[in-house]
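Structural overview for review
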Amino acid sequence: MIFRTTLISLLAAVSLAAGRPATRPAATPATQHFPTPQELLDQMKKSKAEKKKLKQVAFIDLSHPVQEAPAGFSFFRDTEGDTLHSVLDRLHQARDDRDVRAILITIGDAGINLAQAQEIRDALLDCRHAGKTTVVYSDSYDTAGYVVASGASDICLLEGGEILIPGVGIETMFAKGLLDKVGVQADYIQIGEYKGADEMYTRNNSSPELKGQLDHLSQSIYDYTLSSIARQRKLDPAVVKSAIDQALIPAPDALKLGLVDHLIDIDGLRDFLKQKLHGDIDLIHDYGAPEEEQIDFSNPWTLLAQLTKKPEVSTKPSIAIVYAEGEIVDGAGGNSWGGSSTVGSDDLREAFRMAARDDTVKAVVIRIDSPGGSALASEAMWQAARRVAAKKPVVISVGSMAASGGYYLASSGDYIIADPTAIVGSIGVVGGKFVIKDLYAKLGITAESFSKGDNANLFSNSEPFTDKQRALVTGWMKKTYDQFTQRILTTRGKKIADIDKLARGRIFTASQARDLGMVDELGGLSRALAYAAEKSHLANTDYDVRTLPPTRTLSDYLTGNSNRDAKAPFTAASNMLGLAPDSILRTLPTSARNSLLQQIQSLHLLEKRPFMLVCPYTITIR
């Protein structure tokens with residue numbers, strides 16, 4: 001379009017020049033020459049040929065957060081943005097592109113989690129095996145960033161930078177002392193002695209069961225991280241252990257230890273790549289990213305067209321990705337407190353219905369990163385996923401976590417693939433309520449209740465459970481626990497020898513879970529998509545990968561083609577402007593914020609039902 005406009009303008013200029021009298025010949029030198037259309041085409045061909053001689057370098061910038069799922073809402077168009085799948089897809093394109101000689105990745109404070117880092121590293125290794133030069137640069141590396149870099153042929157670091165790998169630490173907090181001081185009693189019940197979900201409120205320190213679980217988990221993640229770095233960098237594990245024990249390794253020391261290959265600043269990367277590739281380079285920014293259509297906001301007709309524009313529907317066979325990221329809730333999900341995401345049972349059931357009815361969808365991959373949540377929502381999603389599985393392959397991809405209700409959903413699949421350090425399990429049930437009558441008394445507040453029915457005050461915060469109510473709630477929880485284990489055995493009964501040895505709240509890394517029959521294979525999202533393609537006979541065909549349900553646009557809300565909250569566009573806008581009322585939570589340290597957000601969401605769940613399926617803690621690795 002740009003070339004056509006330029007060409008028309010040039011032709012018009014030529015025509016005007018030919019037909020206009022030469023009234024001022026001195027202003028137009030006799031040597032001035034307007035290029036003909038053929039000359040323009042020749043110039044473009046020459047420029048293209050010269051550029052073809054340059055060494056092409058695919059550039060991918062990871063200085064921004066890498067999301068698991070695409071945004072639930074976009075004003076104008078369906079777009080993935082910087083998702084894990086889009087990053088992996090761009091790396092795969094570079095791997096298979098014969099014109100690409102090298103790949104450059106820059107890492108900033110992107111907040112990549114360990115599971116994502118492992119998958120990006122593995123994609124980089126694939127590029128290396130395909131003969132590509134792979135370069136990663138950062139001013140400084142944290143654990144996840146360095147895991148990504150360990151897959152590259154050349155790790156570059158700012159000369160005044162550092163590597164910060166402090167090891168693996170898991171912190172738990174216990175609030176019983178605070179609750180006792182303010183007059184609040186946590187009246188909790190737990191099925192599974194290893195669950196530990198009530199201990200934050202009922203104990204001042206961890207039980208022997210929980211302590212053993214967390215110690216074993218941290219050791220497993222530490223061992224895997226250490227060994228994978230040593231293997232990729234061809235270093236003695238003792239050298240890597242010494243570096244981790246040092247925690248912060250200045251750039252010169254990192255070079256001596258073999259942790260990095262080059263000390264260089266970001267502005268020197270172009271010259272470095274020229275030397276590495278023995279010639280001039282063409283650095284292709286945003287390689288593989290889809291080109292965005294420019295919108296003329298000054299033209300109301302163009303804006304209106306964009307508002308009503310529908311994405312083109314492909315008729316190619318496809319594999320659908322359904323994302324389950326965040327705590328599991330009843331009804332609609334989306335963003336919750338502090339911008340954290342939730343998995344809504346209605347949203348996933350809608351996605352599964354779309355996948356079942358769409359003949360172009362040949363298989364479904366459920367990408368899970370969830371600590372669990374509502375027991376009822378977990379069951380609803382399990383049933384919906386099994387309906388799809390009766391017609392099409394359903395493959396599970398576990399990112400950082402599929403715990404409690406997250407593993408409940410994972411057991412709906414035909415095959416489970418998990419990242420090696422993913423947390424799996426926590427098969428148990430916890431429930432209860434907070435009794436705040438003593439807090440009321442300290443504040444000078446009295447409460448009276450008028451109830452009819454033996455259990456009308458079951459959810460009352462003024463009185464603890466009676467013995468009869470406690471027995472009633474315990475019975476419900478045991479039935480839920482039995483149903484949970486039965487759902488797992490429905491799909492994995494031939495792979496799990498003894499469910500009791502895996503349940504009762506125990507947690508495992510994916511590597512351990514594979515040996516126990518809870519996971520079929522270690523791998524990431526790319527492997528899950530490839531396996532789904534194999535099972536649906538798409539491996540050697542051209543197929544699409546798309547997200548269900550698709551991103552909603554403003555057009556969907558304006559035309560009524562959305563069953564989501566009508567305030568979603570305005571909520572999205574206020575969040576982008578930093579006007580969200582819960583933005584104060586974003587100022588907290590990451591680990592504290594994640595833990596607090598999960599506890600707040602859990603309290604919301606317990607307002608509706610007296611029990612839930614949730615993992616009791618969050619894990620943050622710097």
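Along each chain, the written sequence defines residue order, and numbers are assigned to residues from 1. In view of the model being predicted, local features appear only for residues whose pLDDT reaches at least 70, and side-chain atom pairs are presented and counted only at 80 or more, with totals across whole chains, interfaces and linings using the full set of residues. Side-chain numbers here rest on the full set of heavy atoms in the structure, without hydrogens or water.

**Quick look at the nonpolar core**
Buried together is how nonpolar side chains tend to be arranged in soluble globular proteins. Among buried residues, the Ala, Val, Leu, Ile, Met, Phe, Trp, Tyr and Cys ones that are joined through side-chain atoms within 4.5 Å form a nonpolar core. Partly exposed residues are those whose accessible area sits between 20% and 50% of the maximum for their type, while under 20% is buried and over 50% is exposed, using a 1.4 Å probe and protein chains only. Of all hydrophobic cores here, the largest spans 71 residues; its most connected members are L91, I105, Y141 and I163. The numbering of helices and of strands both runs from the N terminus, where a helix is a DSSP run of H or I of at least 4 residues and a strand a run of E of at least 2. When residues of this core are assigned to their parent elements, the largest contribution, 8 residues, is made by helix α8 (residues 208-233). Residues contacting L91, with those up to four places away along its chain left out, are I60, I103, I105, I120, A123, L124 and C127. By size, the runner-up hydrophobic cluster in this structure holds 56 residues, among which are V361, A385, V394 and L613. We call two residues in contact whenever any of their non-hydrogen atoms come within 4.5 Å of each other.

**Let's talk about a positive patch on the surface**
Taken together, the side chains of R353, R357, R387 and K391 present a region of like positive charge at the surface. Along the polypeptide, R353 turns up in helix α13 (residues 345-357). Since its relative accessible area comes to 43%, R353 is described here as partly exposed. Note that patches include only residues with greater than 30% relative accessible area and no salt bridge, and the join distances are 9 Å for like charges and 5 Å for nonpolar side chains (Val, Leu, Ile, Met, Phe, Trp, Tyr). Method for areas: the Shrake-Rupley scheme with a 1.4 Å probe, in which residue coverage is limited to the protein chains shown. For this document, the term salt bridge refers to a Lys or Arg side-chain nitrogen within 4 Å of an Asp or Glu carboxyl oxygen. Just so you know, the count uses Lys and Arg for positive and Asp and Glu for negative, and it drops His and the chain ends. By convention, the charge on Lys lies at NZ, on Arg at CZ, on Asp at CG and on Glu at CD.

**Some words on unusual backbone geometry**
For the peptide bond that leads from L548 to P549, omega is -10°, which places it in the cis range. Within the secondary structure, P549 is located in the loop between β22 (544-547) and β23 (552-553). Its identity as a non-glycine residue notwithstanding, K234 has a phi of 55°, on the positive side. For K234, a relative accessible area of 73% gives the class exposed. If you check the backbone angles, H537 has positive phi at about 60° while not being a glycine. Within the secondary structure, H537 sits in the loop between α20 (525-535) and β22.

**Topic: the environment of I328**
Among the structural elements, I328 can be located in strand β11 (residues 327-329). As for I328 and G344, which are separated by 16 residues in sequence, their C-alpha atoms are 6.1 Å apart.

**Here we look at the pattern of salt bridges**
Using the criterion set out here, one finds 25 salt bridges in the structure. Shared partners join several salt bridges into a network, and the residues in it are E68, E119, R367 and D419.

**What to know about the packing of aromatic side chains**
Note on aromatic pairs: the rings of Phe, Tyr and Trp (six-membered ring only in Trp) are paired at centre separations within 6.5 Å, and the planes decide the class, stacked below 30 degrees, edge-to-face beyond 60, tilted for the rest. Summed over all chains, the structure comprises 6 aromatic pairs. Look at Y188 and Y201: their rings are 5.5 Å apart centre to centre, the planes differ by 40°, and that puts the pair in the tilted class. Of this pair, Y188 sits in strand β6 (residues 185-191) while Y201 sits in helix α7 (residues 199-202), and the two are 13 residues apart along the sequence. Aromatic pair Y201 and F434: ring centres 4.9 Å apart, planes at 90°, arrangement edge-to-face.

**Focus: the packing of helix α3 (residues 84-96) against α20**
What counts as an axis is a line fitted to C-alpha atoms, over the stretch in contact for a helix, and the angles between N-to-C directions run from 0 to 180 degrees. It is at 10 Å that the axes of α3 and α20 come closest, and there the two elements cross at 75°. Considering the angle they form, α3 stands roughly perpendicular to α20. Judged by residue contacts, H85, L88 and H92 of α3 engage L525, S526 and L529 from α20. An angle below 35 degrees is read as roughly parallel, one above 145 as roughly antiparallel, one from 65 to 115 as roughly perpendicular, and any other as oblique.

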